[in-house]
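One letter stands for each residue in the lines below.
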Amino acid sequence: MAANVSTERRVSLHGEWSSRFAFILAVTGSAVGLGNVWKFPYIAGENGGGAFVLFYLFCVFLIGLPIMVAEISIGRRGRRNPVATMALLGSEEGGSEQWRYIGLLGVLAGVLILSFYSVVAGWAAAYIFKAGSNVFAGADAAAVDAQFDALTGSPLVNAMWHTLFMGMTVIVVANGVERGLEKAVRILMPALLALLLVLLGYSMVAGNFAAALEFMFAPRLGELTADAALIALGHACFTLSVGMGAVMAYGAYLPDEHSIGKTSCAIVFADTIIALLAGLVIFPIVFANGLDPAIGPGLIFQTLPLAFGQLPGGAVVGTAFFVLLTFAAWTSAISLMEPGVAWLIESFQLSRRVAAWSLGLAIWLLGFLSAFSTNVLSNLKFWRGTFFDNLDHLTTNIMLPLGGMAIVFFAGWIMSRNSTSDEIDPDAGPSYRAWRFLARYVAPIAVLLVFLDVIGLLDAWGLA
Ligand code: TRP
């Protein structure tokens, strides 16, 4: 196997990041998004907090982090789009080009995810103007609910914000991701963090902080259901942007000399802090107002405005918050599209412009299924619920963990030790060996166990 492993370095067709910092910003921009601020609080709320949050942290550090290191390493070694990279390294390392289907599955997952992600990002964008026009001043929970229902209940309004957000995303991807992204993330991420800290201050003073802490962190381990475990695992992949080739595509543009391990640890750490902070902002408001933590995807839109309505200068804070959330969603959306666009460019010799606009058109159309899931199609329920719910479950909780498992398995078992240590740490020191252990054993086995648990086999075998 080692005989045909290439030692010659390849060059990306799409340029390189200008610095290690630019790469960190791009991957952080991809990771930090609606997943942290919108999704984490509402799924933690639906799944009872405590045990769910703890298992989510386990998945982030022991499964998501090794997958991220594997993905970036594979991306940099192949230097092509995820489909071509998996085919190339597959034949180089293990004799099979069929690994390309893992890349293709990732491209598909990115397209499907972006179709509903864009609708939710549209809600964040719409809320910039709601907060700015001060409609939340002194509003109670019912008034805040009515605002959310007016937005999501209207097919036209919902579709319009989705259209706007998709347009913004395609424009950046059509121009090449390295240009706009760097500046945006450098300023906006620290600003988002600062604003969350301001809101944390509000929640500690005006909210029921003790109840929130107890809800989020009291272990109650026996309460973790198989379904909740799967959702925590899926979300760990979702929030870190791993399992579909997004960070693999970004890794392809990373210069050779930079450390993948340290970079990944910093990004995973930052992403986790932002999610936990969002939870610590939202739940004190939920409990102080007697709201239900399990109300679902509307949670942040139905709780934060209460804070903005009471806070002095709340209209300004609220507007700034939704601006930053929209930007955070934007930098994530770009990374959901990049693998598909890079693949179209390389496989069909399209220009970046044509590739981005055609893929964007398809995602935009598909997005209507989600945009209409809260209004005209809201009664059309099957499997997990509406179209929106099903797309989310299928991609986040099934495609990403399985894709991530395949990627980490590939890096741990198919690629030679020389190839991975060449990318991660040529001296193969303790942190490399820790990664390899996680990649070969812990991550794939943990994902497998969660799936066995979901289909009921652990119970059947008397193991759970
Ligand atoms: N991580 C982003 C968030 O938390 C969403 C995202 C961007 C993503 N790129 C991805 C999710 C790739 C899965 C795969 O909002």
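Residues numbered from 1 in each chain as written. Predicted model: local features only at pLDDT ≥ 70, side-chain atom pairs only at ≥ 80, totals over all residues. Heavy atoms only, no water.

Asker: With reference to specific residues and values, describe the overall build of the protein.
Answerer: Scanning the protein from N- to C-terminus turns up 19 helices and zero strands. Taking 2.2 N^0.38 as the reference for a compact globule, 464 residues should give roughly 23 Å; the C-alpha atoms of the protein span a radius of gyration of 21 Å, in line with that estimate. Seen through its C-alpha atoms, the protein measures out along the principal axes to roughly 70 × 55 × 40 Å. Split into buried and exposed, the 464 residues of the protein put 61% on the buried side. Long-range pairs, those at least 24 residues apart, make up 81% of the contacts in the protein between residues at least 6 apart in sequence. Of the roughly 17,000 Å² of accessible surface on the protein, a fraction of 67% belongs to carbon and sulfur atoms. Distance between charge centroids for the protein: 7 Å, based on 23 positive and 29 negative side chains. (Helix = DSSP H or I, 4+ residues; strand = E, 2+ residues; numbered from the N terminus. Rg over C-alpha atoms; globule rule 2.2 N^0.38 Å. Buried < 20%, exposed > 50% of the residue type's maximum accessible area, 1.4 Å probe, protein only. Contact = heavy atoms within 4.5 Å. Areas by Shrake-Rupley, 256 points an atom, 1.4 Å probe, with all protein chains shown as cover. Lys, Arg positive; Asp, Glu negative; His and termini not counted. Charge placed at Lys NZ, Arg CZ, Asp CG, Glu CD.)

Asker: So what's going on with the environment of Ile274? Which residues, and what values?
Answerer: Position of Ile274 relative to the elements: it lies in helix H12 (residues 260-288). Between the alpha carbons of Ile274 and Lys262 there is a distance of 19 Å; along the sequence they are 12 residues apart. Those residues within four positions of Ile274 in sequence are excluded, and the remaining contacts are Val32, Asn36, Val37, Leu193 and Leu196.

Asker: Describe the packing of helix H5 (residues 100-132) against helix H15 (residues 352-371), and please don't skip the residues or the numbers.
Answerer: Angle between the axes and distance between the axes are the two parameters that describe a pair of packed helices. Two numbers describe how H5 lies on H15: the axes approach to 8 Å, and their chain directions differ by 60°. As summarised for this structure, H5 and H15 are arranged oblique, according to the angle between their axes. Relative to H15, the crossing made by H5 is right-handed. Contact residues: Val111, Leu112, Leu114, Ser115, Phe116 and Val119 in H5; Leu359, Ile363, Leu366, Gly367, Ser370 and Ala371 in H15. Of the residues belonging to the contact of H5 with H15, the class tally is nine nonpolar, three polar and no charged. (Axes fitted to C-alpha atoms, helices over the stretch in contact; angles between N-to-C directions. Parallel < 35°, antiparallel > 145°, perpendicular 65-115°, else oblique. Left-handed = near helix turned anticlockwise from the far one by under 90°. Nonpolar A, V, L, I, M, F, W, Y, C, P; charged D, E, K, R; others polar.)

Asker: Run through a nonpolar patch on the surface, naming residues and quoting values.
Answerer: Together, Phe409, Trp413, Phe437, Tyr441, Ile445 and Leu449 make up an exposed nonpolar region whose accessible area comes to about 560 Å². Broken down by secondary-structure element, the contributors of at least two residues to the nonpolar patch are helix H16 (387-414) and helix H18 (430-454). With four residues, the single largest contributor to the nonpolar patch is H18. The topology assignment puts Phe437 in helix H18. Overall, the relative accessible area of 49% leaves Phe437 in the partly exposed class. (Patch = residues over 30% accessible without salt bridge, like charges linked within 9 Å, V, L, I, M, F, W, Y side chains within 5 Å. Salt bridge = Lys/Arg side-chain N within 4 Å of Asp/Glu carboxyl O.)

Asker: Quick rundown of the pattern of salt bridges? Include the residues and the values.
Answerer: Under the counting rule described, the total for this entry stands at 16 salt bridges. Note that Arg100 and Glu97 form a salt bridge whose closest N and O atoms lie 3.3 Å from each other. Classification of Arg100 as partly exposed rests on a relative accessible area of 29%. The exposure class of Glu97 is partly exposed, given its relative accessible area of 40%. Residue Asp227 pairs with Arg384 through a salt bridge whose shortest N-O separation is 3.0 Å. Of this pair, Asp227 sits in helix H10 (residues 226-240) while Arg384 is found in the loop between H15 and H16, placing the two residues 157 residues apart along the sequence.

Asker: Run through unusual backbone geometry, naming residues and quoting values.
Answerer: Located in the positive-phi region is Trp383, a residue other than glycine, with phi close to 45°. Checked against the element boundaries, Trp383 lands in the loop between H15 and H16. A relative accessible area of 56% means that Trp383 is categorised as exposed. Phi is positive for Ala428, which is not a glycine, with a value near 50°. Tracing the backbone through its elements, the reader meets Ala428 in the loop between helix H17 (417-424) and H18.

Asker: Could you give me a rundown of the packing of aromatic side chains, with the residues and numbers involved?
Answerer: Counted under the stated rule, the structure contains 33 aromatic pairs. Look at Tyr127 and Phe136: their rings are 5.8 Å apart centre to centre, the planes differ by 25°, and that puts the pair in the stacked class. In terms of burial, Tyr127 and Phe136 fall into one category: buried. Members of the aromatic cluster, connected to one another through ring pairs, are Phe116, Trp123, Tyr127, Phe136, Phe148, Phe301, Phe308, Phe321, Phe322 and Phe388. One cation-aromatic arrangement involves Lys39 over Phe238; the distance from NZ or CZ to the ring centre is 4.4 Å. (Phe/Tyr/Trp six-rings, centres within 6.5 Å; stacked < 30°, edge-to-face > 60°. Lys NZ or Arg CZ within 6 Å of the ring centre and 35° of its normal.)

Asker: Quick one: what's the story with the site of the ligand, residue by residue and with numbers?
Answerer: Residues in contact with the ligand amount to 17 residues; listed here are only the nearest, Ala31, Gly35, Tyr117, Phe238 and Ser335. Ser30 places a polar main-chain atom, nitrogen or oxygen, 3.1 Å from a nitrogen atom of the ligand. Here Leu34 contributes a backbone N or O atom positioned 3.1 Å from an oxygen atom of the ligand. Taken by itself the ligand offers 360 Å² of open surface, and the protein chains cover 100% of this. Among the elements of the structure, helix H1 (20-31), helix H2 (34-46), H5, H10 and helix H14 (314-348) are those that each provide at least two residues to the shell around the ligand. A per-class count over the shell around the ligand returns nine nonpolar, eight polar and no charged. (Near = heavy atom within 4 Å. Polar contact = N/O pair within 3.5 Å; in protein donor to acceptor, adjacent residues only side chain to side chain.)

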